[in-house]
Amino acid sequence: MADRGAWRPPRTCEDYWSEWKHCKGIRNLFHNYYTYGEAPSCEQWKIDYGNCRKWEKSKSPDAKESLCKSERARILEKQKYDPVWQLRKSPPRDWYLPLGQDKPK
């Protein structure tokens, strides 16, 4: 039975590989070029895949640290953008009225 206290990568190695394949796909390349005006950088996914495989084979502390650092950077990247919608503190005061009935025509 596997050791339950052992460190595991944040994702499986196959996840890193599929993210890299998705990133390199023509559909994603076109979408990123259309949206942002440049091709996406997919190298980090490939580096992470290599580090994950290195961790699985030799339990390399460098690979472990690199994977942890990369995942932290991804989380911080997601958190730096504000949400699209403003969250409400309370419902609108006329929330119970039927839609369109409260506005004069």
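Everything here concerns the structure above.
Attention in this report is confined to the structure presented alongside it.

So, how was this worked out
- Residue numbering note: each chain is counted from 1, following its sequence as written.
- The model is predicted, so local features are restricted to residues of pLDDT at least 70 and side-chain atom pairs to those at 80 or more, both for listing and for counting; the totals for chains, interfaces and linings are taken over all residues.
- The side-chain figures draw on all heavy atoms in the structure; neither hydrogens nor water molecules are used.
- Comment: elements are numbered from the N terminus, with helices defined as DSSP H or I runs of at least four residues and strands as E runs of at least two.
- Our radius of gyration looks at C-alpha atoms and nothing else; its globule reference is 2.2 Å times the residue count to the power 0.38.
- Cysteine sulfur atoms that pair up within 2.5 Å are treated as a disulfide.
- Accessibility here uses a 1.4 Å probe with only protein chains present; expressed as a share of the type maximum, an area under 20% marks a residue as buried, one over 50% as exposed, and anything in between as partly exposed.
- Each residue after the first adds 1.5 Å to the expected span of a helix.
- Every residue pair with non-hydrogen atoms within 4.5 Å of one another is taken to be in contact.
- Polar contacts, as used here, are pairs of N or O atoms within 3.5 Å; protein pairs need one atom able to donate a hydrogen and one able to accept it. Residues neighboring in sequence count only if both atoms are side-chain atoms.
- Only buried residues count toward a nonpolar core, which is a set of Ala, Val, Leu, Ile, Met, Phe, Trp, Tyr and Cys residues joined through side-chain atoms within 4.5 Å.
- Like charges within 9 Å and nonpolar side chains (Val, Leu, Ile, Met, Phe, Trp, Tyr) within 5 Å are joined into patches, using only residues over 30% in relative accessible area that form no salt bridge.
- Working definition of accessibility: Shrake-Rupley area with a 1.4 Å probe, residue cover restricted to the visible protein chains.
- We define a salt bridge as a side-chain nitrogen of Lys or Arg found within 4 Å of a carboxyl oxygen belonging to Asp or Glu.
- For Phe, Tyr and Trp, where Trp contributes only its six-membered ring, two rings pair if their centres lie within 6.5 Å, and the inter-plane angle classes them as stacked under 30 degrees, edge-to-face over 60, or tilted in between.
- Criterion for a charge above a ring: Lys NZ or Arg CZ within 6 Å of the ring centre, and within 35 degrees of the ring normal.

Details of the overall build of the protein
Secondary structure summary: the protein contains four helices and zero strands in total. If you list the helices and strands of the protein from N to C, you get α-α-α-α. Against the compact-globule benchmark of 13 Å for 105 residues, the protein has a radius of gyration of 22 Å, which places it well outside the compact range. With the C-alpha coordinates aligned to their principal axes, the bounding extent of the protein is approximately 70 × 40 × 25 Å.

Topic: the state of the cysteines
Tallying each qualifying case throughout the model produces two disulfides. The residue that forms a disulfide with Cys-23 is Cys-42, at a sulfur-sulfur distance of 1.9 Å. One quick way to see it: the torsion about the S-S bond of Cys-23 and Cys-42 is about -80 degrees, and its sign makes the bridge left-handed. Here Cys-23 is found in helix α1 (residues 13–24), whereas its partner Cys-42 is found in the loop between α2 (26–36) and α3 (43–58), with 19 residues between them in sequence. An identical accessibility class is assigned to Cys-23 and Cys-42; each is buried. Unpaired in this structure, Cys-68 has its nearest cysteine sulfur neighbour in Cys-52, at a distance of 11 Å.

Here's the deal with helix α4 (residues 61–79)
If you check α4, its first and last C-alpha atoms are 27 Å apart, about what 19 residues at 1.5 Å a residue would give, namely 27 Å. On its buried face, α4 sits against α1 and α3. For α4, the capping residue at the N-terminal end is Ser-60, with a side-chain oxygen 3.3 Å from the backbone nitrogen of Asp-62.

As for the nonpolar core
Grouped together as the largest cluster of nonpolar side chains are eight residues: Cys-13, Tyr-16, Trp-20, Cys-23, Cys-42, Trp-45, Cys-52 and Leu-67. Examining the composition of this core, we find that four residues originate from one element, α1, more than from any other. Apart from residues no more than four positions distant in its own chain, Cys-52 is found in contact with Pro-9, Arg-11, Thr-12, Cys-13, Tyr-16 and Leu-67.

With respect to a nonpolar patch on the surface
On the surface, Trp-95, Tyr-96 and Leu-97 cluster together into a nonpolar patch covering about 390 Å² of accessible area. With respect to the helices and strands, Tyr-96 occurs in the segment after α4.

Comments concerning the packing of aromatic side chains
Taken as a whole and assessed by the stated rule, the structure comprises five aromatic pairs. Ring-pair connections join several aromatic residues into one group, and the members of that group are Trp-17, Trp-20 and Tyr-49. A cation over a ring is seen here: Arg-74 above Trp-45, with NZ or CZ 3.7 Å from the ring centre.

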